[in-house]
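Structural features, examined
One letter stands for each residue in the lines below.
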Amino acid sequence: MGFQGRDVLTVEDFSKEDLLRIVEVAQSYTQHFDPHLLNGKILASLFFEPSTRTRLSFETAMKRLGGNVIGFSDWKDTSIQKGEDLKDTIKVIDGYADAIVMRHPEAGSAHAAADVARIPVINGGDGSNQHPTQTFVDLFTIFQSFGKLDGFSIGFLGDLKYGRTVHSLVKALKHFDVDMYFISPQEIGLPDDILKSVTSHKIKAQTNDLHEVAKNLDFLYVTRIQKERFLFQDEYTKLSASYQLGMNFLAQAKPTVKIMHPLPRVGELKHELDASENALYFKQAHNGIPTRMALLGLLFGYA
Ligand code: NCD
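Throughout what follows, the structure given in this document is the object of discussion. These numbers come from a predicted model, not from an experiment. (Residues numbered from 1 in each chain as written. Predicted model: local features only at pLDDT ≥ 70, side-chain atom pairs only at ≥ 80, totals over all residues. Heavy atoms only, no water.)

1. A few points about the overall build of the chain
Worth spelling out the cut-off: Helix and strand labels come from DSSP, where a helix needs a run of H or I of at least four residues and a strand needs a run of E of at least two; each type is numbered from the N terminus. When we talk radius of gyration, it's over C-alpha atoms, and the globule rule is simply 2.2 Å times the number of residues to the 0.38. In this scheme, a residue with accessible area under 20% of its type's maximum is buried, one over 50% is exposed, and one in between is partly exposed, where area comes from a 1.4 Å probe on protein chains only. Throughout, a residue-residue contact means that at least one pair of heavy atoms, one from each residue, lies within 4.5 Å.
Within the chain, the secondary structure is distributed over 12 helices and 9 strands. Its C-alpha atoms give the chain a radius of gyration of 19 Å, within 12% of the compact-globule value 19 Å for 303 residues. Principal-axis analysis of the C-alpha atoms places the extent of the chain at approximately 55 × 45 × 35 Å. Looking at the 303 residues of the chain, the share that counts as buried comes to 55%. Sequence separation of 24 or more characterises 71% of the internal contacts of the chain that already satisfy a separation of 6 or more.

2. So, empty space enclosed by the protein
Where we set the bar: Put plainly, a pocket is an open set of points on a 1 Å grid over the protein atoms alone with protein on both sides within 12 Å along at least five of seven lines, a cavity is a set where a 1.4 Å probe fits but cannot get out, and a lining residue has an atom within 4 Å of a point. Grid points are joined across faces, edges and corners, and a volume is the space filled by probe spheres set on the points. Only Asp, Glu, Lys and Arg are considered charged, only Ala, Val, Leu, Ile, Met, Phe, Trp, Tyr, Cys and Pro nonpolar, and every remaining residue, Gly among them, polar.
All told, the structure shown has 1 cavity of 30 Å³ or more when counted by the stated rule. Approximately 60 Å³ is the volume found for the largest cavity. Contributing to the lining of the largest cavity are Arg53, Ser57, Gln134, Val137, His261, Pro262, Tyr281, Gln284, Ala285, Gly288 and Arg292. Elements supplying a minimum of two residues to the lining of the largest cavity: α2 (53-64), α5 (132-146), α11 (281-286) and α12 (288-299). It is α11 that contributes the most residues to the lining of the largest cavity, 3 residues altogether. Grouping the amino acids of the lining of the largest cavity by side-chain chemistry returns 4 nonpolar, 5 polar and 2 charged.

3. Quick look at the pattern of salt bridges
For the record, the criterion: A carboxyl oxygen of Asp or Glu within 4 Å of a side-chain nitrogen of Lys or Arg is what we treat as a salt bridge.
Summed over all chains, the structure comprises 12 salt bridges. For Glu187, the salt bridge goes to Lys238, with nearest N and O atoms at 3.9 Å. Separated by 51 residues along the polypeptide, Glu187 in the loop between β6 (178-183) and α7 (192-196) and Lys238 in helix α9 (residues 233-239) bring together distant segments of the chain. Its relative accessible area of 41% is what places Glu187 among the partly exposed residues. Taking the shortest distance from any N to any O, the salt bridge between Lys254 and Asp218 comes out at 2.9 Å. One end of the pair, Lys254, is in the loop between α10 (247-252) and β9 (258-260); the other, Asp218, is in the loop between α8 (210-213) and β8 (219-222), with 36 residues separating them in the sequence. On the accessibility criterion, Lys254 (28% relative accessible area) is partly exposed. If you follow the salt bridges from partner to partner, you end up with Glu49, Arg164 and Arg229 in one network.

4. Things to note about the site of the ligand
Put simply, the rule reads: Note on terminology: near, applied to a residue and a molecule or strand, indicates that one of the residue's heavy atoms is within 4 Å of it. Counting of polar contacts relies on pairs of N or O atoms within 3.5 Å, with two restrictions inside protein: one atom must be capable of donating a hydrogen and the other of accepting it, and residues adjacent in sequence are counted only when both atoms are side-chain atoms. Here the Shrake-Rupley method, with its probe set to 1.4 Å, supplies the accessible areas, and only the displayed protein chains count as covering residues.
Taken together, Arg53, Thr54, Arg103, His131, Gln134, Arg164, Thr165, Arg224, Gln226, Pro262, Leu263 and Pro264 form the complete shell of residues around the ligand. Contact distances for the ligand include 3.0 Å between an oxygen atom and a side-chain N or O atom of Thr54. Contacts to the ligand include Gln226, whose side-chain N or O atom sits 2.8 Å from an oxygen atom. Here the ligand loses 94% of its free accessible area of 320 Å² to cover by the protein chains.

5. Brief notes about the nonpolar core
Selection criterion: We call a set of buried residues a nonpolar core when its members are Ala, Val, Leu, Ile, Met, Phe, Trp, Tyr or Cys and they connect through side-chain atoms within 4.5 Å of each other.
Within the largest apolar cluster, 55 residues are counted, with the highest numbers of intra-cluster contacts made by Ile154, Phe156, Val170, Leu173, Met180 and Leu296. When residues no more than four places from it in sequence are discounted, the contact partners of Ile154 are Ile142, Leu169, Leu173, Val178, Asp179, Met180, Tyr181, Leu217, Phe219 and Tyr221. If you look at the next biggest cluster of nonpolar residues, it comprises 28 residues, including Tyr181, Leu210, Leu220 and Leu273.

6. Quick look at the environment of Gln31
Structurally, the position occupied by Gln31 is in the loop between α1 (16-29) and β1 (42-47). The exposure class of Gln31 is exposed, given its relative accessible area of 65%. It is 9.7 Å that separates the C-alpha atoms of Gln31 and Pro290, two residues lying 259 residues apart in sequence.

Listed below in structure tokens is the structure:
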């Protein structure tokens, strides 16, 4: 399917060819791009939840390609605060902009917005459900680092229950020949429906013990515990110190292992790792720019 005018709601809507195309265009944009490609186009940036990387990298990507951005980062400044429903807000913005990127705490909110918008809606994270554009960034980062998207092993460490970046990446990896290790306290393990979406031979282990599997990994994808998703904060407090990655991991892992993290980190990933060759997370955050430029170029039909 062509990209022009498409919504970006879940990774399931993207074929292997689509994913490879995004990676290919992102790679080319690291070398060269037309700074006037999106002249006259407007992206509405609607963030109903905190964001640093997703919002600012989308806005930067749009501006680097010559486009403009409207929007808000605090929904309390909008008429939603007065009681307007999301669909009315979207219907109005639909007439102001050429595409929407939206983050919202409710799973399914991006679909609800796309139902009423004629312009493309990009899901910048809907609750604990999905974060498809982070997956595009992650795939591009893996490709850059490993040279291909097949033949590696990846461990997911952390909040696999509520972490939407993990949900999207695990689902997208079904297209590739990858061994997966899921490492978390049982209470925040991967939801069954996502586990079932993975071909069983690709699941090499589900464990609470990183040491058991450390030596097998080419990538370790760490996430923070998603504090804001817990109904009971004492549950969060109980789990909050259950893992912390530091230099001792490198002593057990392959020398070439790469550590990824969508960021923000809040203690689960020690700063002592930052200077190591193994730390990929700041590169990953910076890759948000070429990847989101690629996505915008493709959605507007110009890439
Ligand atoms: C993630 C998110 O918002 O889901 N951040 C991001 O977009 N890079 C991860 C998180 O908040 O833990």
